[in-house]
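Given next are the chains, with one letter for each unit.
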Amino acid sequence: LVPEEASEPLYFGGVTRERERESDDENEAMRVASRINEALRLKRTPPEPKAMMPVETAWYDELGISPTASFEDMKIRYLQHASKLEETLTYLLEAGETEIRGMLESGNTPDMIEDYGEDEEEDQVFDDGDERNLLVEGDSEDEWSEDEEEEEDKAALIRAQTQDGSIMLDEGDKESEIAEETNQVLAKFTRVSNIFQILSVPRLRRIYDDNGIEGLVAKSPQLSKGLLEPEKVLLMARGQDFVDPPPSLLLQKMPRLPGFFRYQAANSIRQVLKRLTDVELVWTFQTRESLQNREGTIYPELPEIGIFGRTNSGKSALIRHMFRGGNLQGRNMAMSSSAPGKTRGLNVYAVNRRFTITDAPGYGSDSTKHESATKAYRDWKEHSEPLVAEYLNSTRWMRAAIYTHEISKDATDADREFLDMLRSRDIPVLLVFTKDDKVDSEPHRLSRVRLVRKQLDWPKDLPHTFYNARGSGYGQLFKNMLGTMMLGLLSSADREDAWDILRNDCAEVFHDYRDKWVPINRKIKAQMPLEKKSRRYPDEDKAYTQEDLDREDRIVKEEEKRQKREEMHAMGIRRTIKDDVEEEAGQMLTPKERRQRWAELLARSGTVSPERQQELEERRR
C-alpha cells in the first residue's frame, strides 16, 4: 500500500526513483537468456504423468475393483470372493444333506447310498484356508448306532475336485441341480483366482492394461500352464504356507524311445564320471590325534571309500585317472612317483560335495633287496600302520574299501596281513588288479587272477575288477566298470547294505562288462562241438573216372523212373507195355510221325530247297 503522506511515487523494490532504461541490445540479450533458462527449467522438470485408462477393464469388473486399485485392495476383494464361495458351498452341502436325508426317510435309496458302507476318499474343499478331506464312512443302515447317526448324516456325498474347478458326482447325482450349481460356483471362483494371479504380477498387469487379453496371449502364450490351483492361491493370499506332496518315485509315463535313448546316452557311466569335476583336498592326517578334527563337520555325514594297497600299486594314479575332470595332476594333488612312499599320511578328497575318497599310504616289503622298499616298510610300521588302524576304527561312515594289487606281482605275507586288518573290522573290500597293461593276453590275465586270488585266500563270492591308468588296451572299459561298482558302493545306506551290493550287484556288473573284452567260448564242456555251417560232400577229394560218372548217371535215371512210377500209381494210372517201352527206349513214334518230324527238322535247319520240300509234302500225302 502506498502511504498517503508520501509525496514521491514508490516503485517495485521500495525504490523512490524509476530504474534507468537499458539499451535495446541489453534487453534483447536478456530476453534470449530468459528463454534459454525457461527451456532448461522445463527440461529439468519431469512431466506430470497423464492418467490413462486401461484398454480393457473386463477383468477388473469381474474382480469388483477399479483399474487403479492397489494390490492390497485387490487381495481384500479376492478374500471376499473366497468367503462368499465358502458360504455358497456350505449352503449347497446342507441342501444336499437335506435331500439325501429325505431319500433315506422315504426309503428310495439309490445305488450310491447302498454302497454307503464302503470307504471312499473324497477330494478337497476350501475351509478357512485349510484343505479338508470329505470322507464317506459308515456302515449299513441296520448297523448304525445312535451316537454315530448324527455324525454319519453330516458326511458329504459330493466329491469336490478343486484341481480343475469342477465337482464329480456319482452316476445317480450327476443330473441334479445342486451339482450343476456347485460346478458353476467353483468354475467362477477358479476364473477369479486366475484373474487375481495374473493381475498380482506388475508386468502382466501392465501388459493387460496396455494391450488387453490379446497382448497377454501374444507375449505370454504359455501363461495358463503356470497358474496355480485355487486352493494354493487362497492360502498364499491369506499368508499361509502350503507344502506340495513329495513327487512319486514311480515312472508315471514311459518316455519315447528317442528321448529315452538320448537320456540314456547323457547319463551313461562315462558321462557321469566326466561330471565329477569338483574334487578338493579337504583333510591330510599325519597323526592319530588329528583324526578327531573331523567331528562336528559335514564330512562324517558323507559316504566314504578308502583306497589301500602296497606301495607303487597304483592307488594315487587310480584316483587321478578316475577323477580326471577335477584336474588333480594340474593342481599337484594325488601325485605318484616311481620311488615307493610318495603318499604321506591320509589324504581325503571331497568329490562334488557328495562323497569322499581317501588315499592311504602304502606298505612296503621287508626284503633287503631294495633299500627304498625297506625304508617304506619301516615307515609304515612306525607311523602309517597305527594311523590307518585308528582311521579304520574311527571312520564308521566308511562304506567300503578298495584294495589295489598289481596284477604282475605275487601276493606276500604283508598283503595277507593288511587284508586281515580289513576283514577283522568287517569292512567290504573290492579287489582291483591294477596295471593291467602288463598282461599280454586274456589267458595270461586269467592265470594271474587265479594265482593271486588263491594266494590272498579271496572268497569266491566276492568279485574283482581290473584297472589301467595308462589308457591303453581296455583302459576306458575298466574305468567304466570300476566307476559303476564304486558309485554303487557309495549309494549304500550302511556297511551291511554295501556287503549286499558287493556280493550281488558288483558281481553282475563284472559279468556284464566281461563279455565286452572276453570272447565268448563256444566249446562248452559236456556238450558236443557245433558243426561248421558249410556244405560238404562225401568223397569230395576223390578223383572221379568216367565209369564213376556213368554209374552216377544210371543211378539218377533209375531214381527218376522210380519217382515216375510212384506218381502214376498215386494217380491211379495203370501201366501198359507202351509205358515200359517208352521208359527204356524213349517215346514211340509211328512211321508217319517219324517222317513228319524229320521234315520239320530239315525245314528248320534250312538245308532242303523249297522244290524238294514241296516234293516231300506231295509224297507224304
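Within each chain, residues carry numbers counting from 1 in the order of the written sequence. In keeping with the predicted nature of the model, local features appear solely for residues at pLDDT of at least 70, side-chain atom pairs appear and are counted solely at 80 or more, and the whole-chain, interface and lining totals rest on all residues. In computing side-chain values, all of the structure's heavy atoms are included and hydrogens and water are not.

Asks: Got a sec to walk through the nonpolar core? Specific residues and values, please.
Replies: Nonpolar cores are built from buried Ala, Val, Leu, Ile, Met, Phe, Trp, Tyr and Cys residues. Side-chain atoms within 4.5 Å join them into one set. Buried, partly exposed and exposed residues are distinguished by accessible area as a fraction of the type maximum, computed with a 1.4 Å probe on protein chains only: under 20%, between the cut-offs, and over 50%, respectively. Grouped together as the largest cluster of nonpolar side chains are 74 residues, with contacts concentrated most on F323, I357, L392, F418, F466, M481 and W517. Core analysis: the next-biggest nonpolar cluster, separate from the first, contains 24 residues, I65, L216, V233 and L234 among them.

Asks: Tell me about the side chain of S313, and name the residues and values.
Replies: Considering the arrangement of structural elements, one finds S313 in the loop between β6 (304-309) and α11 (315-322). Since its relative accessible area comes to 2%, S313 is described here as buried. A contact between two residues is defined here by any heavy atoms of the two lying within 4.5 Å. Residues within four places of S313 in sequence aside, it is in contact with T404, T434 and K435. Working definition: helices are DSSP H or I runs of at least four residues, strands are E runs of at least two. Numbering for both runs from the N terminus.

Asks: Before we move on, could you go through the pattern of salt bridges and cite the residues and values that matter?
Replies: As a working rule, side chains carrying opposite charge can pair if their charged atoms are close by. Within this document, salt bridges are pairs made up of a side-chain nitrogen of Lys or Arg and a carboxyl oxygen of Asp or Glu, the two lying within 4 Å of each other. In total, this model carries 23 salt bridges according to the counting rule given. Its salt-bridge partner being E406, residue K435 comes within 3.6 Å of it at the nearest N-O pair. With K435 in the loop between β10 (429-434) and α14 (442-456) and E406 in strand β9 (residues 398-406), this pair connects stretches of sequence that are 29 residues apart. When salt bridges with common partners are traced through the structure, they connect E406, K409, K435 and K438 into a single cluster.

Asks: How would you explain the confidence of the model for the protein chain if you had to name every residue and give the values?
Replies: Per residue, pLDDT measures the predictor's confidence, with a range of 0 to 100. Averaged over all residues, the pLDDT of the protein chain equals 76, while 71% of them reach at least 70. Throughout residues 108-175 the model reports pLDDT below 50, and contacts reaching past four residues in sequence, or to other chains, amount to 118 contacts.

Asks: If you had to explain the side chain of T190 to someone new, which residues and values would you point to?
Replies: With respect to the helices and strands, T190 occurs in helix α6 (residues 177-200). We classify T190 as buried; its relative accessible area is 16%. We call two N or O atoms a polar contact when they sit within 3.5 Å, provided that within protein one can donate a hydrogen and the other can accept it, with sequence-adjacent residues counted only if both atoms are side-chain atoms. For T190, the side chain forms a polar contact with the main-chain oxygen of L186, separated by 2.8 Å.

Asks: Can you tell me about a nonpolar patch on the surface, naming the residues and giving the values?
Replies: Among the surface-exposed residues, V32, I36 and L40 lie close enough to one another that they form a single nonpolar patch of about 230 Å² accessible area. Relative to the helices and strands, I36 resides in helix α1 (residues 24-44). Nonpolar side chains (Val, Leu, Ile, Met, Phe, Trp, Tyr) are joined into patches within 5 Å and like charges within 9 Å, using only residues with over 30% relative accessible area and no salt bridge. Note on areas: Shrake-Rupley, 1.4 Å probe, and residue coverage restricted to the protein chains presented here.

Asks: How would you explain unusual backbone geometry if you had to name every residue and give the values?
Replies: The phi dihedral of N327 falls on the positive side, at around 55 degrees, and the residue is not glycine. Given a relative accessible area of 45%, N327 falls into the partly exposed group. Unusually for a residue other than glycine, D426 sits at a positive phi of about 55 degrees. The exposure class of D426 is partly exposed, given its relative accessible area of 47%.

Asks: Pulling in residues and values, what's your account of the packing of aromatic side chains?
Replies: Two rings from Phe, Tyr or Trp (for Trp, the six-membered ring) form a pair when their centres are within 6.5 Å of each other. A pair whose planes differ by under 30 degrees is stacked, one over 60 is edge-to-face, and the rest are tilted. According to the stated counting rule, one finds 17 aromatic pairs in the structure shown. With centroids separated by 6.4 Å and ring planes inclined at 45 degrees, the aromatic side chains of F323 and F355 adopt a geometry described as tilted. Taken together, the residues F323 in the loop between α11 and β7 (346-351) and F355 in strand β8 (residues 355-359) connect sequence positions 32 residues apart. In this structure F323 comes out as buried when scored by relative accessible area, which is 2%. Relative to F418, the ring of W380 has its centre 5.9 Å away and its plane inclined at 65 degrees; by these criteria the two rings are edge-to-face. Of this pair, W380 sits in helix α12 (residues 371-394) while F418 sits in helix α13 (residues 413-424), and the two are 38 residues apart along the sequence. Each of the two residues, W380 as well as F418, counts as buried. An aromatic cluster is defined as three or more aromatic residues linked by ring pairs; in this entry it consists of F308, Y363, W380, Y391, Y403 and F418. A cation over a ring is seen here: R445 above F466, with NZ or CZ 5.7 Å from the ring centre. Ring-over charges, as used throughout, are those where CZ of Arg or NZ of Lys falls within 6 Å of the ring centre and within 35 degrees of the ring normal.

Asks: Hey, could you go over the sheet that holds β7 for me, with residue numbers and the actual values?
Replies: Taken together, 7 strands build an open sheet; the order of strands is β5-β7-β8-β6-β9-β10-β11 and the sheet is mixed. Of all the strands in the sheet, the pair left with one neighbour each is β5 (279-285) and β11 (464-466). With direction set aside, neighbouring strand axes in the sheet form an average angle of 25 degrees. Helix axes are fitted only over the stretch in contact, all axes being lines through C-alpha atoms; the angle between N-to-C directions runs from 0 to 180 degrees. The sheet strands contacting α13 are β6, β9 and β10, and the helix crosses β9 at an angle near 170 degrees. DSSP-based pairing: two strands are paired if at least 2 bridges between them are found.

Asks: Can you explain the environment of E496? Please cite residues and give values.
Replies: Relative to the helices and strands, E496 is located in helix α16 (residues 495-517). The spacing of E496 and I427 is 69 residues in sequence and 9.2 Å in space, taken between C-alpha atoms.

Asks: Residue-level account of the packing of α6 against helix α7 (residues 202-219), with values.
Replies: Between α6 and α7, whose axes approach to 7 Å, the crossing angle comes to 120 degrees. The angle between α6 and α7 places the two elements in the oblique class. Contacts between α6 and α7 involve I198, L199 and S200 from the former and P202, L204, R205, Y208 and L216 from the latter. Angle categories are assigned with fixed cut-offs, so that under 35 degrees is roughly parallel, over 145 is roughly antiparallel, 65 to 115 is roughly perpendicular, and the rest are oblique.

Asks: Before we move on, could you go through the environment of M486 and cite the residues and values that matter?
Replies: Checked against the element boundaries, M486 lands in helix α15 (residues 475-490). Separated by 84 residues in sequence, M486 and I402 have C-alpha atoms that sit 8.7 Å apart. Ignoring anything within four residues of it in the chain, the contact list for M486 reads I305, M322, F323, I357 and I402.

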